Number of protein chains: 2
Amino acid sequence: MHRTKVRVASDVLDANTTIANANRADFDRAGVRVVNLMGAPGAGKTSLLERVLIGGLRDFRAGVLEGDIAGSLDADRLSALHVPVTQLNTSPGFGGECHLDANMVRSALGEIDLPAIDLLVIENVGNLVCPAEFRVGEDARAMVSSVTEGEDKPLKYPLMFRTCDLVVVNKIDLLEHLDFSLDRFLENLERVSPGVRHMLVSARTGEGVGALKGWLEGVAGRESERA
Amino acid sequence: MHRTKVRVASDVLDANTTIANANRADFDRAGVRVVNLMGAPGAGKTSLLERVLIGGLRDFRAGVLEGDIAGSLDADRLSALHVPVTQLNTSPGFGGECHLDANMVRSALGEIDLPAIDLLVIENVGNLVCPAEFRVGEDARAMVSSVTEGEDKPLKYPLMFRTCDLVVVNKIDLLEHLDFSLDRFLENLERVSPGVRHMLVSARTGEGVGALKGWLEGVAGRESERA
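Residues numbered from 1 in each chain as written. Chains lettered and ligands numbered in written order. Predicted model: local features only at pLDDT ≥ 70, side-chain atom pairs only at ≥ 80, totals over all residues. Heavy atoms only, no water.

Draft legend 1. Fine view of the overall build of chain A. On a plain count of helices and strands, chain A comes out with 8 helices and 7 strands. For chain A, whose C-alpha radius of gyration is 19 Å, the value lies close to the compact-globule estimate of 17 Å for 227 residues. Seen through its principal axes, chain A has C-alpha atoms that stretch 80 × 40 × 35 Å. Residues counted as buried form 57% of the 227 residues belonging to chain A. Summing over all exposed atoms, chain A offers an accessible surface of approximately 9,900 Å²; the carbon and sulfur share of this is 49%. In chain A, 25 side chains carry a positive charge and 33 a negative one; their mean positions are 5 Å apart. (Helix = DSSP H or I, 4+ residues; strand = E, 2+ residues; numbered from the N terminus. Rg over C-alpha atoms; globule rule 2.2 N^0.38 Å. Buried < 20%, exposed > 50% of the residue type's maximum accessible area, 1.4 Å probe, protein only. Areas by Shrake-Rupley, 256 points an atom, 1.4 Å probe, with all protein chains shown as cover. Lys, Arg positive; Asp, Glu negative; His and termini not counted. Charge placed at Lys NZ, Arg CZ, Asp CG, Glu CD.)

Take a look at the structure:
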C-alpha cells in the first residue's frame, strides 16, 4: 500500500515574495546588486540619480530601471548620461499601478543587460504608500524625502520610512526659505524607524551627493547574501 | 407558456460607482456639496485648508473628512480651527490603502453631522495615482500641485490632472529659489487637461488663498444636479 503524499501548504509565500526571490536569484547569478529607490512625486529621485551618475560610480557600472505610470521622461533624462536605462510603464499592461511589484520588474528583466552592470537602481513610481509593500528582489531600499514635504511625513507614511535602509533628505538648499524644522523631522524619523541611516543632500547644489554615491558604491560592492 | 425573464447585465455599474452614487444621494438629501481634495504627500493640502477655513467661508459652513493611512495629525490641526473634522484612517480596516474609495467614505458618513454643514471637503490620502481612479460621491475635484514637485508632473500623472476641475499650484513663494518654469508647467497642464482651471497660491504667505476660498464657496452654493 502506498501512502498518499501530503504537502501541507503552511509556509507558502505570497506570489510577490516568490517572484521577488526569483528576481533576486537572477540578480545574484549575474552578480548584480539592486537598490529600490522610492519617494513621493517630485521628491527629486531622478535629479539625484542624474547627479550621482554623472561621471559614473567608482569601480562599478550602474544601470537604471525606471518605473513610471506613463511616458519615458525620466528615462530619457538618464539616458543622456550614457547609463543603460530601461523604462517600465505601469499603465498600459497593468492599469496604472501606483507601484512596482516583483512581477512587473520580472517582466522587464529580459530588457536589461545584467552582465553589463554591477548595480541596478530601480526608480519606483512616485508614491509614499504602496511601493513600500512590495519587495521586488532588491538588496537595499532607499527613499528620498524632500524638506518641502514637511516634518510630519515619517508619522504619516510610517511603513515607507520604516522599511528603508537609507532616508535621503533632499532639497536642503531650500531650508532657509521654509518653515521646516530639521530637528523635528529627524525626531519623527527616529520615532518611526529607530537608528535608520539618513543623509542630507541637495540635488540642485550637489551638497551631500558624494555621500549618496558612496552609499550606492557600498551596496554595489556587497557580497551576495546567497553567495 | 412563460418566457424566462432575462436581465442582461450590460450596464451594471462597478461597485465603487454604485456606492459613490449612494453617497451622492445622501449628500444631496442633506443639501451638502462635496469637494474631493487630492495631491502628493506634502503638496500642502492641509495647510491650504487651514488658511481657507480660518474665519470660515462666507455664507457657508464647512466640514472636513480627513483621509490618512494612520494617525490624526491633519485632523487635529484642522479641529483647532473649530471646524467639524472626521478622521478616516485607511490602515487598520483596509490594510493601508493609498486612496479613499466610495466605500471607505460611506463607512464614515455616520460620523459626520451632515445637517450641520453646507460643504464637505474630503482630504484624500497624499498620492497622485490611485485617488484619481475612485469617485467618492463628490461634486467637484481639486488637486494641489506644489511648484517644488517640478514642471513635469502633469505629464507623469496625467489621470490626476485630467480628472480635476481645479489645479491649485501651491508654494509660489518659493518660485524664485527653484529651477521651475511656471510657463512650462502650465503648458504641460494644458497639454494633459486642455482648459482646466488653475490658480496660483501660497499657503505660507496667503497669496491667492482668497481665490481658492471663492471657488469653494462657489461649489458650496451650487444647486444639486439631482434637485
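After presenting the structure, the write-up continues.
Draft legend 2. How the structure looks around helix 7 (residues 182–192) of chain A. Residue and element names in this part refer to chain A. If you check which residues of helix 7 are buried, you get Leu182, Phe185, Asn188, Leu189 and Val192. One side of helix 7 carries all its buried residues, which in axial view fall inside an arc of 125 degrees. In helix 7, those exposed residues whose orientation departs by more than 90 degrees from the buried face are Asp183, Glu187 and Arg191. In this fold, the buried residues of helix 7 make contact with strand 5 (140–146), helix 5 (153–156), helix 6 (158–162), strand 6 (166–170) and strand 7 (197–200). (Arc of directions from axis to C-beta. Contact = heavy atoms within 4.5 Å.)

Draft legend 3. Fine view of the sheet that holds strand 6 (residues 166–170) of chain B. All names here are of chain B. In space, the 7 strands of this open sheet follow the order 3-2-4-1-5-6-7, with parallel pairing throughout. Strand pairing shows two members of the sheet lacking a second neighbour, strand 3 (85–89) and strand 7 (197–200), which therefore form its edges. Direction aside, the axes of adjacent strands within the sheet are offset by 20 degrees on average. Pairing of strand 2 (residues 62–68) with strand 3, which is carried by 5 bridges, proceeds in the parallel orientation. Directly across from valine 64, in strand 3, lies its bridge partner valine 85. (Pairing = 2+ DSSP bridges. Axes fitted to C-alpha atoms, helices over the stretch in contact; angles between N-to-C directions.)

Draft legend 4. Layout of the interface of chain B and chain A. At the interface, 33 residues of chain B touch 33 residues of chain A. Among the residues chain B hides against chain A, the three largest losses belong to Pro41, Lys156 and His177 of chain B. Together they make up 22% of the total. For the interface between chain B and chain A, the tally reads 6 salt bridges. Among the salt bridges present, the one from aspartate 74 of chain A reaches lysine 156 of chain B, with a minimum N-O distance of 2.4 Å. Those elements giving two or more residues to the side of chain B that touches chain A turn out to be helix 3 (73–79) and helix 5 (153–156) of chain B. (Buried area = accessible area lost by both parts, 1.4 Å probe. Salt bridge = Lys/Arg side-chain N within 4 Å of Asp/Glu carboxyl O.)

Draft legend 5. Structural view of the environment of asparagine 188 of chain B. Mapping asparagine 188 of chain B onto the fold places it in helix 7 (residues 182–192). Taking the C-alpha atoms as reference points, asparagine 188 of chain B and asparagine 103 of chain B, separated by 85 residues in sequence, lie 33 Å from one another.

Draft legend 6. Here's a closer look at the side chain of arginine 33 of chain A. For arginine 33 of chain A, the location among the structural elements is in strand 1 (residues 33–39). Here aspartate 139 of chain A takes part through its side chain, which lies 3.0 Å from a polar atom of the side chain of arginine 33 of chain A. (Polar contact = N/O pair within 3.5 Å; in protein donor to acceptor, adjacent residues only side chain to side chain.)

Draft legend 7. Just the packing of aromatic side chains, in detail. All names here are of chain A. All chains considered together, the criterion is met by 4 aromatic pairs over all chains. Centre to centre, the rings of phenylalanine 161 and phenylalanine 185 are 6.3 Å apart; their planes meet at 70 degrees, and the pair counts as edge-to-face. On the criterion of sequence distance, the pair formed by phenylalanine 161 in helix 6 and phenylalanine 185 in helix 7 is long-range, its members being 24 residues apart. Given the relative accessible area of 1%, phenylalanine 185 is considered buried. (Phe/Tyr/Trp six-rings, centres within 6.5 Å; stacked < 30°, edge-to-face > 60°.)

Draft legend 8. Quick look at the relation of the copies chain B and chain A. Superposing chain B onto chain A takes a rotation of 180 degrees combined with a translation of 0.1 Å along the rotation axis, leaving an RMSD of 0.2 Å. On this basis, the relationship between the two copies can be described by a two-fold rotation axis. For chain B, the residue whose C-alpha comes nearest the rotation axis is asparagine 127 of chain B, separated from it by 3.0 Å. Looking at the interface residues of chain B, 100% of them are also at the interface in chain A, so both copies use one shared face. (Least-squares fit on C-alpha atoms with pLDDT ≥ 70 in both.)

Draft legend 9. Quick look at unusual backbone geometry. Not every positive phi belongs to a glycine, and lysine 171 of chain A is a case in point at roughly 65 degrees. Looking at the secondary structure, you find lysine 171 of chain A in the loop between strand 6 and helix 7.

Draft legend 10. Representation of the pairing of strand 7 of chain A within the structure. All names here are of chain A. Taken together, the 4 bridges between strand 6 and strand 7 define a ladder with parallel strand orientation. Within the sheet, the bridge partner assigned to leucine 166 lies in strand 7 and is arginine 197. Traced from strand 6 through helix 7 to strand 7, the parallel crossover comes out right-handed. (Right-handed = clockwise from strand over helix to strand, strands pointing away.)

Draft legend 11. Layout of the pattern of salt bridges. Residue and element names in this part refer to chain A. Taken as a whole, this structure holds 34 salt bridges over all chains when the rule is applied. Put simply, glutamate 50 and arginine 77 hold a salt bridge, and the shortest N to O gap is 2.8 Å. Here the residue glutamate 50 occupies a position in helix 2 (residues 45–53), and arginine 77 occupies one in helix 3 (residues 73–79), the gap between them amounting to 27 residues. For arginine 77, a relative accessible area of 28% gives the class partly exposed.

Draft legend 12. Geometry of empty space enclosed by the protein. Summed over all chains, the structure comprises 3 cavities of 30 Å³ or more. By volume, the largest cavity amounts to about 80 Å³. In this structure, the largest cavity is lined by Val35, Leu37, Lys45, Leu48, Leu49, Val52, Val121, Ala142, Val144, Leu212, Trp215 and Leu216 of chain B. Listing elements by their share of the lining of the largest cavity, those giving two or more residues are strand 1 (33–39), helix 2 (45–53), strand 5 (140–146) and helix 8 (209–220) of chain B. For the lining of the largest cavity, the element with the most residues is helix 2 of chain B, which contributes 4 residues. Tallied by class, residues from the lining of the largest cavity come to 11 nonpolar, no polar and 1 charged. Estimated volume of the second largest cavity: approximately 60 Å³. Along the walls of the second largest cavity sit Leu37, Lys45, Leu48, Leu49, Val52, Val121, Val144, Leu212 and Leu216 of chain A, which together make up its complete lining. Looking at the lining of the second largest cavity, the elements with two or more residues in it are helix 2 and helix 8 (209–220) of chain A. Among the elements that take part in the lining of the second largest cavity, helix 2 of chain A stands out by supplying 4 residues, more than any other. (1 Å grid on protein atoms, 1.4 Å probe; cavity = no way out; pocket = protein on both sides within 12 Å on 5 of 7 lines; lining within 4 Å. Points joined across faces, edges and corners; volume = space filled by probe spheres on them. Nonpolar A, V, L, I, M, F, W, Y, C, P; charged D, E, K, R; others polar.)

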